[in-house]
Amino acid sequence: MFRELPGFYGRTLRSRSLGDFVITERAYPARYETPAHVHDRPLFCVVLDGSYEECHAGRSHECTSTTLLFHAAQEEHLERFGGAGGRSLIVEIEPSWYERVTEVAPGGVATWACDGGSIRLYGNRLYREFLADDVSSRLMIEGILLEMAGEFVRLHLPKSARPPRWLDAVRDFLHANFAQRLTLETIGKAAKAHPVHVAQTFRRFQHCTVGEYLRRLRVESACRELAESEKTVPEIARSAGFSDQSHFHRVFKREVGVSPTQYRAESRRG
């Protein structure tokens, strides 16, 4: 019955375990129908391909590649796939991580499906980071999941037009510590704000995630060192906070468009 993981149906294509999360890409054949079932842990689901009917609490929702879902634990549901089958990214969440969300949202996150709009873009970013599998992706993934949880909680809440004062403290902390191995919990403590709130608010007012901002600072630091210092490329990679030289080369070229060696040569010719 294509049931490789407890409580899950379909076939595993790839999987990653990241502390508080287990992320699995799963495929489902055409016309496949799961029995009614529950999950022991809450989860997010990003529909990647295909379509299916999601049935929950007497209601149904047609899920497509524009759909992002959240399932609370122990809530019964089933899926009926169409003629093209489907493919989804499933993120299982540890209860301890979910409890951090309920600290700022006592009612928790309700089971819900969202189609299109900006919230679905989180699913696209999550899948890219899942495939990237580099040293920064764990922080990026946690940040995206915190933002997704926040967006599900506040779908119908009014928005404030002004950034909070602690946002400056977050930026200052990142600029002073970008070369360190940071977590959202550490950043939240520095700002005296909850990590869920930090991730969500930072994205809203900075137009990027904390992880993306951190990568940018590291690359900018490396650019300065390459142009102005005589340090070797591995030394610059370490001082900027990259775990190894190959990861540094990959991120630098993606962000700047040329390799670190080419950047150094061109900046000095200029």
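It should be noted that the structure appears before, not after, this text.
Heads up: these notes are all about the structure in this document. (Residues numbered from 1 in each chain as written. Predicted model: local features only at pLDDT ≥ 70, side-chain atom pairs only at ≥ 80, totals over all residues. Heavy atoms only, no water.)

What follows is about unusual backbone geometry. Residue Arg31 is not a glycine yet carries a positive backbone phi of 65 degrees. The topology assignment puts Arg31 in the loop between strand E2 (21–28) and strand E3 (43–56). Notably, His207 is not glycine yet its phi reads approximately 65 degrees, a positive angle. Note that His207 resides in the loop between helix H6 (195–206) and helix H7 (210–228). (Helix = DSSP H or I, 4+ residues; strand = E, 2+ residues; numbered from the N terminus.)

Now for the packing of aromatic side chains. Taken as a whole, this structure holds 14 aromatic pairs when the rule is applied. With 6.4 Å between their ring centres and 35 degrees between their planes, Tyr32 and Phe81 make a pair best called tilted. One end of the pair, Tyr32, is in the loop between E2 and E3; the other, Phe81, is in strand E6 (residues 77–93), and 49 residues separate them in sequence. Residue classification places Tyr32 among the buried positions, given a relative accessible area of 9%. Put simply, the rings of Tyr28, Tyr32, Tyr52 and Phe81 pair up and form one aromatic cluster. (Phe/Tyr/Trp six-rings, centres within 6.5 Å; stacked < 30°, edge-to-face > 60°. Buried < 20%, exposed > 50% of the residue type's maximum accessible area, 1.4 Å probe, protein only.)

Turning to the pattern of salt bridges, a few remarks are in order. Once their charged atoms are close, side chains differing in charge can pair, the charge on each being opposite to the other. Throughout the structure, instances matching the rule amount to 14 salt bridges. In this structure, Glu53 and Arg80 form a salt bridge, with 3.2 Å as the shortest nitrogen-oxygen distance. Residue Glu53 is found in strand E3, and its partner Arg80 is found in strand E6; the two are separated by 27 residues along the sequence. Classification of Glu53 by relative accessible area gives partly exposed; the value is 26%. The class for Arg80 is partly exposed, based on a relative accessible area of 34%. With a closest N to O distance of 3.3 Å, Glu129 and Arg215 form a salt bridge. You can see Glu129 sitting in helix H2 (residues 117–132) and its partner Arg215 sitting in helix H7, a full 86 residues away along the chain. Across this residue pair, the class does not change: Glu129 and Arg215 are buried. (Salt bridge = Lys/Arg side-chain N within 4 Å of Asp/Glu carboxyl O.)

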